[in-house]
Amino acid sequence: MKLLSEIKWNDVKYNFKNSMKNEVKEEFEFEIDPEIIKFYEESFKYKRERRKERKKKLSKSELKPMTGEQLNLFTQESSTNAPLEMVGKEREEELKLMYGDKAKVIQYLETTLQMIHDKNYDIYLPKYWPSFPLRIKFN
């Protein structure tokens, strides 16, 4: 990749032709100011240095991969304390709002599915499977 200073900008003139529907042609000429070129060069060098520093920091810091158990956010610590409010009261009201008379049936089905899931989770103890984005960017 060439730096902007390596290109002879002062010798180059840009011509842009713009044709309209009524066939009128206009030409625009401009020259790039040397101060702008200097600014772009400095910012490009600064970005390059920042990338190098970031790579050095990443290589110096000891990044240890975490195990699936450390990443699992779904585990909860058990408590022997009594609940502060009625368990599921808000959920019952929410279900009544959404499903009306059939709220109890829906709640029973949801509870059954959750219990089956919890039972299988306890039996098989699945490992945490990370979710990666589709567009992975490696810097």
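Residues numbered from 1 in each chain as written. Predicted model: local features only at pLDDT ≥ 70, side-chain atom pairs only at ≥ 80, totals over all residues. Heavy atoms only, no water.

Caption draft 1: A look at the packing of aromatic side chains. Evaluated as defined, the whole model comprises one aromatic pair. Ring geometry for Phe39 versus Tyr40: centroids 5.7 Å apart, planes at 55 degrees, classification tilted. We classify Phe39 as exposed; its relative accessible area is 52%. Judged by relative accessible area, Tyr40 falls into the partly exposed class, the value being 45%. (Phe/Tyr/Trp six-rings, centres within 6.5 Å; stacked < 30°, edge-to-face > 60°. Buried < 20%, exposed > 50% of the residue type's maximum accessible area, 1.4 Å probe, protein only.)

Caption draft 2: Broad picture of unusual backbone geometry. One non-glycine residue with positive phi stands out, namely Leu125, at about 45 degrees. Structurally, Leu125 is set in the segment after helix H4 (103-124). Using a relative accessible area of 59% as the deciding quantity, one classes Leu125 as exposed. (Helix = DSSP H or I, 4+ residues; strand = E, 2+ residues; numbered from the N terminus.)

Caption draft 3: Main features of the packing of helix H3 (residues 89-99) against H4. At a closest axis distance of 9 Å, the pairing of H3 and H4 adopts a crossing angle of 120 degrees. As summarised for this structure, H3 and H4 are arranged oblique, according to the angle between their axes. Seen from above, H3 lies across H4 with right-handed handedness. Taking contact as the criterion, the partners of Arg91, Glu92, Leu95, Lys96 and Tyr99 in H3 are, on H4, Ala103, Lys104, Ile106, Gln107 and Glu110. (Axes fitted to C-alpha atoms, helices over the stretch in contact; angles between N-to-C directions. Parallel < 35°, antiparallel > 145°, perpendicular 65-115°, else oblique. Left-handed = near helix turned anticlockwise from the far one by under 90°. Contact = heavy atoms within 4.5 Å.)

Caption draft 4: View of the pattern of salt bridges. The final tally for this structure, using the stated rule, is two salt bridges. Between Arg91 and Glu110 there is a salt bridge, and its shortest N-O distance comes to 2.5 Å. Note that Arg91 is positioned in helix H3 and Glu110 in helix H4, a separation of 19 residues in sequence. A residue is classified by how much of its surface remains accessible, and Arg91, at 33% relative accessible area, is partly exposed. Counted as one network, the salt bridges with shared partners bring together Arg91, Glu94 and Glu110. (Salt bridge = Lys/Arg side-chain N within 4 Å of Asp/Glu carboxyl O.)

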